[in-house]
Amino acid sequence: MKLLVSWLREFVSVEADAGEIARRLTLAGLEVENVERTAATFDGVFVAKVIDVKRHPNADRLNLCEVDPGDGARLEIVCGAPNVKAGMMIALARVGARLGAIEKQQQGGGGSELANVRPLEAAVIRGIQSEGMICSERELGISDEHSGIMDLGADAPLGTSAAEFLELEDTVLDVAVLPNRGDCLSIFGLAREVAALFGTRLKPLRLRSTRRNFGGGAAFNVEIEATDLCPRYAALAMTGVKLGGSPRSIKRRLELSGMRAINGVVDATNYVMLEIGQPLHAFDWEKITGGKIVVRRAGTDREFVTLDGIKRELNRDDLMIADGSGPLAIAGLMGGRNSEVGETTKSILLESAYFEPMTIAKTSRRLGLRSEASYRFERGVDRAGQVIALQRASALIGQIASGRAAGEARDLEPRPWQRRNIALDLDRMGGLLGVDFGPLETKRRLIALGAQVSRSRKGRFNVVPPSHRSDLNDAADLAEEVARITGLSEIPAKLPARNTAATDDDPRRRFFKLSREVLIGCGLTEIKTVAFIAPADNARYPGLGSLEPAILTNPLSAELSELRRSLIPGLAAALRFNLNREAQAFHGFEIAKTFAMQRGTPVEQERVAGITYGRFVQGELGSAGLVGGFFTLKGVLEAWLGTLGMGRLLEFERAPSSEAPYLHPGKSASVMIEGALLGYIGELHPTEAQRLELRAPCATFELDLGRLLTYDLSPRSTLSIAPPPRFPAVTRDLAMVLDREFPANAVLRTIAQIEAPLLESVELFDSYVGPSIADGKKSLALSIRYRAKDRTLMDEEVNRAHAALVEEVLKRLGAELRQ
């Protein structure tokens, strides 16, 4: 919002300069992003009067003007403007004046400092000396108008500085208005803030007195069908309109506010919108069919051509302003070509309405159509300001375009505005803010903001917020307003008084902390990804349980319209992001929630997932090092769960391809604990790896933390520490032949179940398939370690224990010893 300080001072008298106003507004939450000071691009230009105009004796298109500069002298000026005439008040650049706008044009737009501009010299034009120049708006740098010289009007004081009379020196504050502060999107709204901040009086709007009987006598009718989208609509018919340019002061303010001057009627509506924040729209009355305005949804209307000449596709729920034959405007956004105010317009219908912010925002976003009006409607305009805007605009149109009211205004309000009554407890407000302002100061500040305040009982107020503050809904909002007046930075910083006590250890927090430490210690980096996901990625990675996806009703984009069922797509996207930036390896994990729908009920589940790609460990000189893969992540899981005291419960089985279709069918496994599925681990399926443009194997895992937490919270997760063994171990090897599809993990699990008394550990060190092994068979070689805690084992004792173990293993597995 552009705030012109000169315009602001019409409503509030503040001695502070623009810098101090900007500082106080910023401290109050209305950040001033830029302070721009405007100044005249000329010097030595004064208000003068044309006394007489004659034809130039030596040129048909030039005039010889006698000009009174206001100091008693008479100057002879050669002028070629077609509109110059006797009695005209003009801007005269005398000899020695500096015109920066002309200098800029001559230098091809480069411009220069005014002090460096060449002074104007007397010139001989067709044999007659001209002692100055009568200026147009473009020559003074005010606008691009150059069709004739500038007429300053009969009220221009003779001999005064043109820059001072034209009010070219001003300061413009660029205020960043928050979305909930639509009341500050106007000069008057910001003046309210400044008056409250500086403790000064706010001057009222200058309104033409009108009768408030909005009954019969109007030349038109209004019908509101969509009362849920338009709770109030006011309109006024005006005749005798004479379109033309607006006064210089209005044009200047519109331009400094970032708007283009068009004609007297449109400029008046834009001026009032900037001044008091209520958007208005003018229809050509003669183009309205049936003398009736209908506020309705688009319904069966599917196309509409707006003022910019673009054909817009309508939705049946778009709010439209229509007449008896069809739409006239898209409500709150833009009018139509079929009712545009143009050069032939003699009568108009002036509209001032309140539209629900959400419907304007939806239609604006869908059509990609934004305007100054929609910007204000989306943030909420004054719920009671529609008739006030009509009064102000009609008075201005009467001054600019000679328009006069044709009958009385129509003001329909099918859903009247309900005042909100908020109970404010001063003690509670002091607790929220950390400082006590006292009842008198609190009341003063709320009244300064426009609220009605009455005391209900000791320490309590009843507060009715003003109609323009739709953001004030409860006591916390009022507390913020009271503190904001002096600036939140002025509230002393202090810690609230509270009693502290030691709390019990949280096992859940301990579990997550330890898990993160172990996974990071294993070489993985913790990653955080967004929970939104594309439907295609959700289909590729169904997650654990294969529940239905949770679909967002208002997604940020079509590519992020669902909530993730798995953490792996986010890790894969992070991998691709890093590879696109020339990363050579990527190893990470994430602990977060997944989301799904189970029989129409949303479900949130705790998950942990990891990914590895590329070199995992740097090798010595001449060595490639360890490359991450399936067994790397398998080792990470074993180290992690082993640290949690659940390593002996961990099992790996071949994963069904239907349960994890994104994994390689021959290089994946189910992760089990005591026969219960915990998750999946494996390399990405070749098709998925190709889609991600991966040049090396990529392994990943995802586990159900909810199930894992139940084990962590049980006594079996308690860790124990034992001293190093005092006596040596004895190792024996075992090679056996089994079916080729028999999992090696089942062999290790079977040996562990036997619980031989001297058995310490079993390790698989070889798996062989070859000529010496029968078809459909394989050989597994195990290293079995025996140790006693209280003595050194003898060979005979070890041999007996090993023989007994081998016999039992072969019996249980149906295997044969390899010869």
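This text follows the structure it describes.
Since the structure is predicted, the reported quantities are computational estimates derived from the model, not experimental observations.

*Asks:* Please set out the overall build of the protein residue by residue, giving values where relevant.
*Replies:* The number of helices and strands found in the protein is 21 helices and 41 strands. Its C-alpha atoms give the protein a radius of gyration of 42 Å, more than 25% over the compact-globule value 28 Å for 819 residues. C-alpha atoms of the protein, sized along the principal axes, occupy 135 × 75 × 60 Å. The buried share among the 819 residues of the protein stands at 48%. Here the protein displays about 41600 Å² of accessible surface, and carbon together with sulfur accounts for 49% of that area. Of the side chains in the protein, 104 bear a positive and 106 a negative charge, and the two mean positions are spaced by 3 Å.

*Asks:* Run through empty space enclosed by the protein, naming residues and quoting values.
*Replies:* Evaluated as defined, the whole model comprises three cavities of 30 Å³ or more. If you go around the largest cavity, the residues you meet are E137, I142, S143, R248, K251, R252 and E255. Classifying every residue of the lining of the largest cavity by side-chain character gives one nonpolar, one polar and five charged. When its volume is computed, the second largest cavity comes out at roughly 40 Å³. Residue lining of the second largest cavity: R181, D183, R192, E193, A196, A448, L449, H468 and R469, and that is the complete set. Split into classes, the residues belonging to the lining of the second largest cavity amount to three nonpolar, one polar and five charged.

*Asks:* How would you sum up the environment of P569? Please name residues and give values.
*Replies:* Mapped onto the secondary structure, P569 falls in helix α16 (residues 568–579). A sequence separation of 180 residues divides P569 from R749, and the C-alpha atoms of the two residues are 33 Å apart. Among residues more than four places away in sequence, those in contact with P569 are I533, D537 and Y541.

*Asks:* Please set out the sheet that holds strand β36 (residues 676–684) residue by residue, giving values where relevant.
*Replies:* With respect to topology, seven strands assemble into an open sheet ordered β26-β30-β31-β37-β36-β35-β34, the strand pairing being mixed. Each having just a single partner strand, β26 (525–526) and β34 (650–654) make up the two edges of the open sheet. By the bridge criterion, two bridges tie β26 to strand β30 (residues 586–598) in an arrangement that is parallel. Pairing of T525 across the sheet is with G588, part of β30. Relative to strand β37 (residues 698–704), helix α17 (residues 630–643) is tilted by about 30 degrees, and along the sheet it contacts β31 (601–613), β34, β35 (663–673), β36 and β37.

*Asks:* So, the nonpolar core: which residues are in play, and what are the values?
*Replies:* In this structure, L25, L173, Y233, I321, L349 and F355 are the most contacted members of the largest nonpolar core, which totals 96 residues. In terms of residue count, helix α10 (residues 386–401) provides more of this core than any other element does, eight residues in total. Beyond its immediate chain neighbours, meaning those up to four positions away, L349 contacts F220, A235, L236, A237, H281, A282, F283, W285, I288 and I293. In this structure, F652, I673, A699 and L705 belong to the second largest nonpolar core, which totals 32 residues.

*Asks:* Let's hear about the side chain of N270: which residues, and what values?
*Replies:* Summarising the element assignment, N270 is placed in helix α7 (residues 264–276). According to the relative accessible area criterion, N270 is buried, its value standing at 14%. Beyond its immediate chain neighbours, meaning those up to four positions away, N270 contacts L254 and M259.

*Asks:* Any chance you could break down helix α9 (residues 372–379) for me, citing the residues and the numbers?
*Replies:* Buried residues dominate α9, accounting for six of its eight residues. Taken together, the buried positions of α9 are occupied by A373, S374, R376, F377, E378 and R379.

*Asks:* If you had to explain the environment of F630 to someone new, which residues and values would you point to?
*Replies:* As for its position among the elements, F630 is in helix α17. Along the backbone, F630 and I773 are 143 residues apart, and their C-alpha atoms lie at a distance of 27 Å. Discounting chain neighbours no more than four positions away, the residues touching F630 are K667, S668, A669, I681, G682, E683 and A699.

*Asks:* Before we move on, could you go through the packing of helix α20 (residues 744–754) against helix α21 (residues 795–813) and cite the residues and values that matter?
*Replies:* Close contact between α20 and α21 brings their axes to 10 Å; oriented N to C, the two are set at 125 degrees. The orientation of α20 with respect to α21, classified from their angle, is oblique. For the element pair α20 and α21, the recorded crossing hand is right-handed. Across the interface between the two elements, V747, T750, I751, Q753 and I754 of α20 pack against L805, E808, V809, R812 and L813 of α21. Per-class residue counts for the contact of α20 with α21 are six nonpolar, two polar and two charged.

*Asks:* I'd like a rundown of the packing of helix α2 (residues 18–27) against helix α5 (residues 187–198), residues and numbers included.
*Replies:* Orientation of α2 relative to α5, taken along the N-to-C sense of each, is 90 degrees, at an axis distance of 10 Å. Compared by their axis directions, α2 and α5 come out roughly perpendicular. Of α5, the residues touching α2 (which contributes E20, I21, R24 and L25) are E193, V194, L197 and F198. In the contact of α2 with α5, the residues fall into five nonpolar, no polar and three charged.

*Asks:* Describe unusual backbone geometry, naming the residues involved and giving the relevant values.
*Replies:* One non-glycine residue, E674, adopts positive backbone phi at about 50 degrees. Along the polypeptide, E674 turns up in the loop between β35 and β36. Of the residues examined, E674 reaches a relative accessible area of 43% and is grouped as partly exposed. We note that E755 has phi near 55 degrees; this positive angle belongs to a residue other than glycine. With respect to the helices and strands, E755 occurs in the loop between α20 and β39 (759–768).

*Asks:* Report on a nonpolar patch on the surface, specifying residues and quantitative values.
*Replies:* Taken together, the side chains of V530, F532 and L556 present a nonpolar region at the surface, about 320 Å² in accessible area. Its place among the elements puts L556 in the loop between β28 (550–551) and β29 (562–563). The exposure class of L556 is exposed, given its relative accessible area of 70%.

*Asks:* Explain the sheet that holds β29 residue by residue, including any values.
*Replies:* Taken in spatial order, the three strands make up an open sheet running β27-β29-β28, and their pairing is antiparallel. Looking at which strands have only one partner, the edges of the open sheet turn out to be β27 (532–533) and β28. Note that β28 and β29 share two bridges and pair antiparallel. Bridge pairing in β29 places I551 opposite E562.

Cut-off values and rules
- Residues numbered from 1 in each chain as written.
- Predicted model: local features only at pLDDT ≥ 70, side-chain atom pairs only at ≥ 80, totals over all residues.
- Heavy atoms only, no water.
- Helix = DSSP H or I, 4+ residues; strand = E, 2+ residues; numbered from the N terminus.
- Rg over C-alpha atoms; globule rule 2.2 N^0.38 Å.
- Buried < 20%, exposed > 50% of the residue type's maximum accessible area, 1.4 Å probe, protein only.
- Areas by Shrake-Rupley, 256 points an atom, 1.4 Å probe, with all protein chains shown as cover.
- Lys, Arg positive; Asp, Glu negative; His and termini not counted.
- Charge placed at Lys NZ, Arg CZ, Asp CG, Glu CD.
- 1 Å grid on protein atoms, 1.4 Å probe; cavity = no way out; pocket = protein on both sides within 12 Å on 5 of 7 lines; lining within 4 Å.
- Points joined across faces, edges and corners; volume = space filled by probe spheres on them.
- Nonpolar A, V, L, I, M, F, W, Y, C, P; charged D, E, K, R; others polar.
- Contact = heavy atoms within 4.5 Å.
- Pairing = 2+ DSSP bridges.
- Axes fitted to C-alpha atoms, helices over the stretch in contact; angles between N-to-C directions.
- Core = buried A, V, L, I, M, F, W, Y, C linked by side-chain atoms within 4.5 Å.
- Parallel < 35°, antiparallel > 145°, perpendicular 65-115°, else oblique.
- Left-handed = near helix turned anticlockwise from the far one by under 90°.
- Patch = residues over 30% accessible without salt bridge, like charges linked within 9 Å, V, L, I, M, F, W, Y side chains within 5 Å.
- Salt bridge = Lys/Arg side-chain N within 4 Å of Asp/Glu carboxyl O.

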